[in-house]
Each structure stands twice: as structure tokens, then as C-alpha cells.
Amino acid sequence: MCCIGFFCMLVGCNSGRAQQTAVPQDIPVDEHVNEPVVKKEDGAMKPIVYMTTDISPDGLMSVYEKLEWTPTGKVAVKLSTGEPPASNYLSPDLIKELVQSVDGTIVECNTAYGGARANTAMHMQVARDHGFTAIADVDIQDAEGSMSLPVAGGSRLTENFVGSHFDDYDSYLVLSHFKGHAMAGFGGAIKNISIGLGSREGKSWIHSGGNSRTSPWGGAQDAFLESMAEAGKSVSDYLGHGDRIVYVNVMNRLSVDCDCDGNPAEPDMHDIGILASTDPVALDQACIDLVYASADGASLIQRIESRNGVHTLEHADLIGLGSREYQLVSIDKAIL
């Protein structure tokens, strides 16, 4: 893991754009094109996680472009459409430019717990109400059921069930709102490609630790967390890791509750920034570390620890989904 030191708070807000004071003092700052090579103890290069404190369309585009990723074919943009009436889903105004720059189709799957997105017609209405259909086409990937992906090296799952439309897309841009979660402790990139891409059947399968395809309730906690990591690995393996899939986490509106909660707790900590990587484990770990380094992150830290949330990252690293060691590179000086 990366030791990031004290993270200076963001202050104020101006027309939806956060005003920043500073980034963590010991983050290596990318002022030019090439980043320094940082290696793990085994000699392998640490994955790079890029970061900006500019939570705006321009900031989002800038941090995404640092990945130097060129999607091919039909592009899916995976995000959460958000449970009504008041969840903290990503604003269409924030993501519009990026989604349209890749000619992306917004993709989602129906929920397994009920709510306003439990079937395709209702879910599409939510997508319209929340402004997503105004910026791109929207596809509910499990509208016609599931397809199975193999899970390699898992201890909980041997297969994972995603929406049957999953294979209609050649490239995946995963846009996640990082926040807390009532069951997982936190939600970021790994949750978005596991629970998020899971069909209704797949969501139950993950939540139950591979014991039920019809009910998401009653599974053991660590089995659920490990199943998320294993389901995420099946998606990453299928898409060739960073070849056909990349990840962006937006750290704003940092409630202890997920976007699947229609009435989440009001955030009691500051916005932090936008991070991007080709490695979902490194990306989520960097977000966790930034929360722990924040002076006002106590509520979210308590939520994460009370659910053993970091175990998802531990298991994801163990099975080879990605690396908990990373290099965090701020791009802010490069774009001033």
C-alpha cells in the first residue's frame, strides 16, 4: 500500500466546482509526461493511480486522459443510475463530456432487493428521471436474463452471472461514485464490476456467497466480500484486465450509504477528488487510504471497519484481480 500522509481538506464550492488547497504532501507529482518507476518488493511495477482534486467535467476528462487508453468497438460506460428519491449518483452534467467522448452506452443491471430499479421498465424510468438518457443511450444488460462468466482461482465462486447483454460490448469504462455501503462497507470500482454488473441472479449469487440465485439475503459477511472480489476478477479476466476495461472513481458526496439507498445519510466529510487507474484494486485502495488520511473521515471509516470492508481488497489482491500496492500521482500541477 502507498503511505500518503496527511491530506489537506478541500474547502468551499463554487458553481459545483470544488476549490482545492493542496494534495497529499508526499504524492509524487507528475509535472511532465513520464512518471518515476516505482516497484513492489517482488520487483513488479506498482500500478499507477492518477488523481485530481478538480471535481468538474474538465478534471474528469484530464484524469481519464492520463490513462492513455483507447477503447475499441462498442463502448459500455458502467455506472449506477441511483435509487430514488435522493441518492448520490454521479451527476450527468459531470460525466456527459467523457461519456460522449467515447461514444459510450450507459449500462446497468436490475436490483435484487426490490426498489425502483427492480425491473427493466422501472429502471429505465429512473435513468430518464435522473438525466442519463439525455446524455447517452442506456442499456439494462439483464433485461433478457444472464450469461455466465468463469471464475478462475476463487474459493467461493466458480462462475459469475452478468447481464446477457454484457458481451455486446467490446470495451468498458467503469465510472464509480466512491462512498460507503450498508453491507460491503464501501463501494467503488470492485463493487461496480461485481454487484453492479451482476444480473438480478448474479447479485443474489454474490450476496449469498454462491449459495442462492434467487435471494440476496442471509449470506455470511466474508463470503459476500470474497465473492465480490471473485466476481470482479471474472469480469477483468474476460476483458483482458486493462486492455478492454479501465476505472475512474469520483470521491464526492462521501456518504456512509451507497447510491442504492434512496435516502442516504448526509455526508459529513469533504469532497476529495477524482482518481483513475487500469487496476481496480489499486484504485479502491487509494480511495480507502485517502479516507483514512482525512481529518473528517471518522463516520466512513467506522462504516468500512464495521463491515470488514477492506477484506474485499485483501481477497482481490490474493486472487490476482489487482494490487493493493500502488503509486499515487497527482496531475494537478500538470494541468494548472
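Preceding block: the structure.
Definitions and limits used
Residues numbered from 1 in each chain as written. Predicted model: local features only at pLDDT ≥ 70, side-chain atom pairs only at ≥ 80, totals over all residues. Heavy atoms only, no water. Salt bridge = Lys/Arg side-chain N within 4 Å of Asp/Glu carboxyl O. Helix = DSSP H or I, 4+ residues; strand = E, 2+ residues; numbered from the N terminus. Buried < 20%, exposed > 50% of the residue type's maximum accessible area, 1.4 Å probe, protein only. Patch = residues over 30% accessible without salt bridge, like charges linked within 9 Å, V, L, I, M, F, W, Y side chains within 5 Å. Areas by Shrake-Rupley, 256 points an atom, 1.4 Å probe, with all protein chains shown as cover. Lys, Arg positive; Asp, Glu negative; His and termini not counted. Charge placed at Lys NZ, Arg CZ, Asp CG, Glu CD. Contact = heavy atoms within 4.5 Å. Axes fitted to C-alpha atoms, helices over the stretch in contact; angles between N-to-C directions. Parallel < 35°, antiparallel > 145°, perpendicular 65-115°, else oblique. Left-handed = near helix turned anticlockwise from the far one by under 90°. Core = buried A, V, L, I, M, F, W, Y, C linked by side-chain atoms within 4.5 Å. Pairing = 2+ DSSP bridges.

S.K.: Would you take a moment to explain the pattern of salt bridges for this structure?
M.R.: Pairs may arise between side chains of opposite charge once their charged atoms sit close together. On inspection of all chains with the given rule, the structure shows 9 salt bridges. Between Arg303 and Asp257 there is a salt bridge, with the nearest N and O atoms lying 3.1 Å from each other. One end of the pair, Arg303, is in helix H8 (residues 298-306); the other, Asp257, is in the loop between strand S12 (245-251) and strand S13 (273-277), and 46 residues separate them in sequence. Like Asp257, Arg303 is buried. The network of salt bridges with common partners includes Lys78, Glu83, Glu108 and Arg117.

S.K.: Help me understand a negative patch on the surface, please; the structure alone is not making it clear to me.
M.R.: On the surface, Glu144, Asp167, Asp168 and Asp170 cluster together into a negatively charged patch. With respect to the helices, strands and loops of the structure, Asp168 is situated in the loop between strand S8 (159-163) and strand S9 (171-177).

S.K.: What exactly am I supposed to notice about the environment of Asp261 here?
M.R.: Checked against the element boundaries, Asp261 lands in the loop between S12 and S13. Remark: the alpha-carbon pair of Asp261 and Ala182, spanning 79 residues in sequence, is separated by 8.7 Å. Sequence-distant contacts of Asp261, that is, excluding residues within four places in its chain, are made with Glu83 and Ser87.

S.K.: Where do I start with unusual backbone geometry in this structure?
M.R.: Negative phi values dominate among residues other than glycine, just as trans dominates among peptide bonds. Following Pro84, the chain continues to Pro85 via a peptide bond in cis, the omega torsion being 15°. Considering the arrangement of structural elements, one finds Pro85 in the loop between strand S4 (75-78) and helix H2 (92-101).

S.K.: Mind showing me how you'd approach the side chain of Lys191 here?
M.R.: For Lys191, the location among the structural elements is in helix H4 (residues 189-193). Leave out the neighbours within four places in its chain, and Lys191 touches His181, Phe186, Gly196, Met228 and Cys258.

S.K.: Which parts of the structure should I look at to understand the packing of helix H1 (residues 57-65) against H2?
M.R.: Think of two packed helices as two axes; the pair is described by the angle between the axes and how far apart they sit. For the pair H1 and H2, the least separation of the axes is 8 Å and the interaxial angle reads 40°. In this view, H1 runs oblique relative to H2, as classed from their interaxial angle. You can see that H1 and H2 cross each other, and the crossing is right-handed. Contacts from Pro57, Asp58, Leu60, Met61 and Tyr64 of H1 reach H2 at Asp93, Leu94, Ile95, Glu97, Leu98 and Ser101.

S.K.: Quick question: what am I supposed to make of the environment of Val329 here?
M.R.: Mapped onto the elements of the fold, Val329 is located in strand S14 (residues 327-330). Expressed as a C-alpha distance, the spacing of Val329 and Thr52, which sit 277 residues apart in the sequence, is 8.7 Å.

S.K.: Hey, could you run me through the environment of Pro264 in this one?
M.R.: Looking at where Pro264 falls in the secondary structure, it is placed in the loop between S12 and S13. The spatial distance from the C-alpha of Pro264 to the C-alpha of Ala86 is 7.3 Å, given a sequence separation of 178 residues. Every residue in contact with Pro264, bar those within four places of it in the chain, is listed here: Ala86, Ser87, Asn88, Ser255, Asp257 and Cys258.

S.K.: Can you help me understand the nonpolar core in this one?
M.R.: Looking at soluble globular proteins, one finds that nonpolar side chains tend to be buried together. Phe166, Tyr172, Val235, Met251 and Leu275 are the most contacted members of the largest nonpolar core, which totals 45 residues. Core analysis: the second largest hydrophobic core is formed by 35 residues, Leu67, Val102, Ile135 and Leu173 among them.

S.K.: It is not clear to me how the sheet that holds S13 should be interpreted in this structure. Could you clarify?
M.R.: Across a sheet, paired strands are connected by hydrogen bonds in the backbone, their directions being either parallel or antiparallel. With mixed pairing, the 8 strands of this open sheet are ordered in space as S6-S5-S4-S9-S12-S13-S3-S14. Each edge of the open sheet carries a strand with a single partner, namely strand S6 (138-140) and S14. Recorded for the sheet is a direction-independent mean angle of 25° between the axes of neighbouring strands. Strand direction decides the pairing type here: S12 and S13, joined by 5 bridges, are antiparallel.

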